[in-house]
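# Breakdown of the fold
So you can see what is in the structure, the chains are spelled out below.
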Amino acid sequence: LKIAFANEVGLLCHEHGADSDVVMAALKSDRRNIAGPGYLKPGLPDGGPCRPRDLQVLRYLRPGLFRHLAVLREEQATWYAALISKYAEDQKLPVMIAGRAYKPGVELEDGSPSLLIADCLKNAGLAITFYDPKHPPEHPVILFLGTAERKSWSLPNDSILIDPWGCVESVTGL
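What counts and how
- The residue numbers shown here count from 1 along each chain, following its written sequence.
- Only residues with pLDDT of at least 70 are given local features in this predicted model, and only at 80 or more are side-chain atom pairs given and counted; all residues enter the totals for whole chains, interfaces and linings.
- Excluded from the side-chain calculation are hydrogens and water; included are all heavy atoms of the structure.
- Helix numbers and strand numbers start at the N terminus; a helix is a DSSP run of H or I with at least 4 residues, a strand a run of E with at least 2.
- Only heavy atoms enter the contact rule, under which two residues are in contact if any of them lie within 4.5 Å.
- Method for areas: the Shrake-Rupley scheme with a 1.4 Å probe, in which residue coverage is limited to the protein chains shown.
- Any pair of nitrogen or oxygen atoms within 3.5 Å is treated as a polar contact; in protein, a donor-acceptor pairing is required on top of that, and neighbouring residues in sequence qualify only through side-chain atoms on both sides.
- Each Phe, Tyr or Trp ring, with Trp reduced to its six-membered ring, pairs with another whose centre is within 6.5 Å; inter-plane angles below 30 degrees give stacked pairs, above 60 give edge-to-face pairs, and intermediate values give tilted ones.
- The buried label applies to any residue whose accessible area, calculated with a 1.4 Å probe on protein chains only, is under 20% of its type's maximum; exposed applies above 50%, and partly exposed to all values in between.
- Should the NZ of a Lys or the CZ of an Arg lie within 6 Å of a ring centre and within 35 degrees of the ring normal, that charge is described as sitting over the ring.
- Being paired, for any two strands, means DSSP has found at least two bridges between them.
- Under this scheme, a helix contributes an axis fitted over its contacting stretch, all axes are lines through C-alpha atoms, and angles between N-to-C directions fall in the 0 to 180 degree range.
- Salt-bridge detection follows one rule: a side-chain nitrogen of Lys or Arg within 4 Å of a carboxyl oxygen of Asp or Glu.
- Residues grouped as a nonpolar core are buried Ala, Val, Leu, Ile, Met, Phe, Trp, Tyr and Cys residues, joined through side-chain atoms within 4.5 Å.

## Focus on the overall build of the protein
In terms of helices and strands, the protein carries five helices and six strands. Secondary structure elements of the protein, listed N to C terminal, follow the sequence α-α-α-α-β-α-β-β-β-β-β. Counting contacts in the protein only where the partners sit at least 6 residues apart, residues at least 24 apart contribute 53% of the total. When the accessible surface of the protein is summed, it comes to about 10,700 Å², and 55% of that surface belongs to carbon and sulfur atoms.

## Structural notes on the side chain of Arg 73
By the element assignment, Arg 73 lies in helix α4 (residues 63-91). Within polar-contact distance, the side chain of Arg 73 engages the backbone oxygen of Gly 111 at 2.7 Å. Leave out the neighbours within four places in its chain, and Arg 73 touches Pro 45, Asp 46, Gly 47, Arg 51, Gly 111, Ser 112, Pro 113 and Leu 116.

## Things to note about the packing of aromatic side chains
In the structure shown here, the tally under the stated rule is three aromatic pairs. On the basis of an interplanar angle of 85° and a centroid distance of 5.0 Å, the ring pair of Trp 79 and Tyr 80 is categorised as edge-to-face. Taking relative accessible area as the criterion, Trp 79 reaches 53% and is therefore assigned exposed. Following the ring pairs from residue to residue traces out a cluster consisting of Trp 79, Tyr 80 and Phe 144. When the ring centre of Phe 130 is taken as reference, the NZ or CZ atom of Arg 100 above it lies at 4.2 Å.

## A look at the sheet that holds strand β2 (residues 128-130)
Read from one edge to the other, the open sheet built from four strands follows the order β2-β1-β3-β5, with strand pairing classed as parallel. Two strands bound the open sheet, and with one partner strand each, they are β2 and β5 (160-162). Across the sheet, the mean angle separating the axes of adjacent strands is 25° when strand polarity is ignored. The pairing of strand β3 (residues 142-145) with β5 spans three bridges and is parallel. Counterpart to Ile 142 in the pairing with β5 is Ile 160. Where helix α5 (residues 113-123) meets the sheet, it contacts β1 (95-98), β2 and β3, and its direction lies at approximately 155° from that of β2.

## Digging into the pattern of salt bridges
One pass over the structure, following the stated rule, counts three salt bridges. With a shortest N-O distance of 2.8 Å, Asp 54 and Arg 53 are connected by a salt bridge. The salt bridge involving Asp 90 is made with Lys 86; its shortest N-O contact spans 2.8 Å. Residue Asp 90 and its partner Lys 86 are located together in helix α4, separated by four residues, close to a single helical turn. Judged by relative accessible area, Asp 90 falls into the partly exposed class, the value being 43%.

## Side note on the side chain of Ser 159
Position of Ser 159 among the secondary structure elements: in the loop between β4 (152-154) and β5. Overall, the relative accessible area of 5% leaves Ser 159 in the buried class. Within the local environment of Ser 159, its side chain forms a polar contact with the backbone oxygen of Pro 156, the two atoms lying 2.8 Å apart.

## Section: the nonpolar core
Within the largest apolar cluster, 19 residues are counted, with the highest numbers of intra-cluster contacts made by Ile 84, Val 95, Ile 117, Leu 121, Ile 142 and Phe 144. Elements represented by at least two residues in this core include exactly α4, β1, α5, β3 and β5. Leu 143, Leu 145, Trp 153 and Leu 161 belong to the second-largest nonpolar core, a separate cluster that totals 10 residues.

Structure below.
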């Protein structure tokens, strides 16, 4: 995927007269972006308030790989919704999602992958609630981590925790 991304950036640079070596060096120097090591770990689909605008510009400038990103995001959200639905059906437990924002440490919900998954679950007929740290669940639940917050969780016995980020530090009550 990184090769395909680098090739798309190279073609985009060529078409618009930019030096691809300079652009890729800049992308690689920022460890927070897609060219850095932080994005080689599975998790939820990408999101955020700038995503629609950025994706629209990239698809306009270079429709190749970039046109598939929106489709991939929808497919990933649908896959997680199906996984959660299966657990809910098999275990007969209510579904709770932790995190409404598009990333930890912010309150912005625009482009939130957890809200996209919540919509998929609602469209499938599941009732969902969002985790409120002031009012943790008293009965077993399926808790889906919608944002990659490193923390410890205390859940009622027989609960199920789905952590797509692999970021849970510890958990009690499962």
